[in-house]
Each structure stands twice: as structure tokens, then as C-alpha cells.
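Structural overview
The residues making up each chain are set out below.
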Amino acid sequence: MTSYVMGIDFGSTTAKVVILDEDGNTVAACVSQKGAVSDEGVKDALRGAFGQAGIDLSDVVRVVSTGYGRRMLDIADRTITEITCHARGAIALVPEARLVIDIGGQDSKVIALDRNGLVARFAMNDRCAAGTGKFLEVLARAVNVELEDMGAEALKATETVAITSMCATFAETEVISLLAEGRPKQVILAGVHQSIASRTVGLVGRVGKRDPIVMTGGVAQNIAAVHFLEKALETKLIIPPGAQIAGALGAALFALDDLRSASKVKRDDDDAVEGKLQQLLVDPKRCTPACGSKETPVTFKA
Ligand code: ADP
């Protein structure tokens, strides 16, 4: 009977589940969005993944969780930080990658990888919405454009306007003023994406730019975010199919390692590993005010 392993990325915005068989074949990859850090989102992603794989939980011998809500999952045998899992997933999807830019719902991170594909340095902004998917969500709402369409709309603009507010709350007010001045939505959206790109370039600068660069996280699906980031970095980004599930894939690969090394020990919390790495946090004081189910096409074999 085949054994399966599972990686769950319990993100701030979406829940992602990847299931691998014992040979490392991806048999399911599912993303669900049911509200912030939502238990229902995880259940939905699990249901979707089990449906795709045609198995149930009793067939899964090892579970690793990652992401914002990783500690909330009783079914996980082990939790591993997002940096470690995203790096592992990204390098599995794009083996030549040397820099990972991950922009999710609530944070953005830039991870430099060494020649062995291990995390060398990383910088993370998880203190404010600026430069994250949340920033895009708030501003899509402000201009009354669907999140899925905002990238295409922004790319229709022939000019951009500077969005000077870093804070999502102030940026929303700024965008509303620009709309009141009669600036076209497309031009404003181009400015919004340019703003997110320049925040990300700041994080890249802290870590040090190195090529090739892979982009992961939900924002990799936004064509304007990719376009403006490529322009700002003067580099083509690699967007692998399944970019949003990179963290869950990384978690599933760690679960596979455990299975292959026959490690049945219930280990918890690998945060200490990350603590030893050089973390370059964004200073929240510079942000004023302080801010307090679909299938994913991915084929991967370990
Ligand atoms: P997290 O892991 O933090 O929960 P994700 O990596 O899933 O977040 O990214 C969520 C973000 O991705 C959203 O805030 C949104 O900006 C963006 N996003 C998700 N789906 C799409 C889409 N279809 N088109 C454009 N952007 C998207």
C-alpha cells in the first residue's frame, strides 16, 4: 500500500495543502481562501487535496505544517518556519534559483540561497501591509477592480502616478483623492504596483541581489506586480507553475525526508534554526501609523 506525506501552509490569507506519494510525486496541490488564518480554509484545502489524491487522512503517514498559523494544526507532526519551507519549495520548483522573492497576503520575504540551495540570508517585512498582497487587496477594493483583474488593468496604463503613502490605510485615502481628481483607474493601479515593487526592491537590497530570481506566493499571479518588479530589478523573474504552493511543497518535502529517514519522532518547532540565520527585519517604526478552493497545476517529483 502506498504511503503519503503532506505539507500544509496555513497562511495569513490562504491555506495550501500539498500531498506527495512515497516516491515524491505530487498527487495533490490545493489552495483555499476562506478568510484570514481560517480554520475553515484549512479544512477546505484538505478536502480538496484528499479529493484530488483519492485518499483520506489515514493514508498520510507524516504531516509538516508551515505558515502564519502553523502551530494551530493538531494533525501536524512537525512545524517548520516559512522561510525554510519556501526556500525548499522554491528550489524544488526551480533548482537553479539563487534568490526567492515571496509576496504573500500579510508579509513579503526575500531569501538568498547558497550554492547548495540552503538559506544564506533573508529579509522579511511582516510588520505592515505595505509591500504585501494585503496592500494590493485594499487598493483593488478602493478602485473597485477585482483582485484577479487589477494586474491586467494596471498594464493598460501608458503612464503611472506616484503613490507616496507607504501605509495601506493612508494609500487608500491617497488613491481615493486621485480618483476624485479624475485620474484613470489604470494609471492609479500602475502606481500601486510600482509602489509594491519599490518596497520589494528595498528588501532585495538588504539581502543582496543574485540571479536567477524566482518569485513565489500569491502575488506572483499578479502580472503587473511581476512586470513592475522586473522593471525595478532590471531582471527577468522566474514564476514557476504552482508559485503559490511553494511553502506547502517545501513542507511536504520535509515530511518526505522524515518518512525516508524513518523518523517517527514527533519533533516540534524548527524556529531555532532560523534564529541562527541573519534576519534583516523591516523596522516597523518607519511605518506610520504602526499597523498593529482551487486546484493548482503543479507536477513535481522529489
Ligand atoms: P499567505 O501565504 O500569506 O496566506 P498567499 O501567498 O496565498 O498568502 O498570497 C495571498 C495574496 O496573493 C493576496 O493577498 C493577493 O494579493 C494575491 N493573490 C491571490 N490570488 C490572486 C490572483 N488570482 N490574482 C492576483 N493576486 C492574487
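Residues numbered from 1 in each chain as written. Predicted model: local features only at pLDDT ≥ 70, side-chain atom pairs only at ≥ 80, totals over all residues. Heavy atoms only, no water.

1. Let's talk about the packing of helix H3 (residues 133-142) against helix H6 (residues 185-207)
- One can describe the packing of H3 onto H6 by two numbers: an axis separation of 11 Å at closest approach and a directional angle of 170°. In this view, H3 runs roughly antiparallel relative to H6, as classed from their interaxial angle. Across the interface between the two elements, Phe135, Leu136 and Leu139 of H3 pack against Val192, His193, Ser195 and Ile196 of H6.
- For the contact of H3 with H6, the per-class residue count stands at 5 nonpolar, 2 polar and no charged. (Axes fitted to C-alpha atoms, helices over the stretch in contact; angles between N-to-C directions. Helix = DSSP H or I, 4+ residues; strand = E, 2+ residues; numbered from the N terminus. Parallel < 35°, antiparallel > 145°, perpendicular 65-115°, else oblique. Contact = heavy atoms within 4.5 Å. Nonpolar A, V, L, I, M, F, W, Y, C, P; charged D, E, K, R; others polar.)

2. Comments concerning the pairing of strand E3 (residues 26-32)
- Along E3, 6 of the 7 residues are buried, which leaves the element largely enclosed by surrounding structure.
- Bridging between strand E2 (residues 15-21) and E3 involves 6 bridges; their strand directions are antiparallel. Looking at the pairing, Leu20 lines up with Thr26 of E3.
- The antiparallel hairpin formed by E2 and E3 contains 4 residues in its connecting segment, where Gly24 sits at a positive phi of about 90°. (Buried < 20%, exposed > 50% of the residue type's maximum accessible area, 1.4 Å probe, protein only. Pairing = 2+ DSSP bridges.)

3. Considering the site of the ligand
- Every one of the 19 residues lining the ligand counts as a neighbour, but Thr13, Thr14, Lys16, Glu137 and Gln244 are closest to it.
- A distance of 3.4 Å is found between an oxygen atom of the ligand and a backbone nitrogen or oxygen belonging to Val219.
- Contact between the ligand and Gln221: a nitrogen atom at 3.3 Å from a side-chain N or O atom of the residue.
- Here the ligand loses 91% of its free accessible area of 580 Å² to cover by the protein chains.
- Split by residue class, the shell around the ligand holds 2 nonpolar, 13 polar and 4 charged. (Near = heavy atom within 4 Å. Polar contact = N/O pair within 3.5 Å; in protein donor to acceptor, adjacent residues only side chain to side chain. Areas by Shrake-Rupley, 256 points an atom, 1.4 Å probe, with all protein chains shown as cover.)

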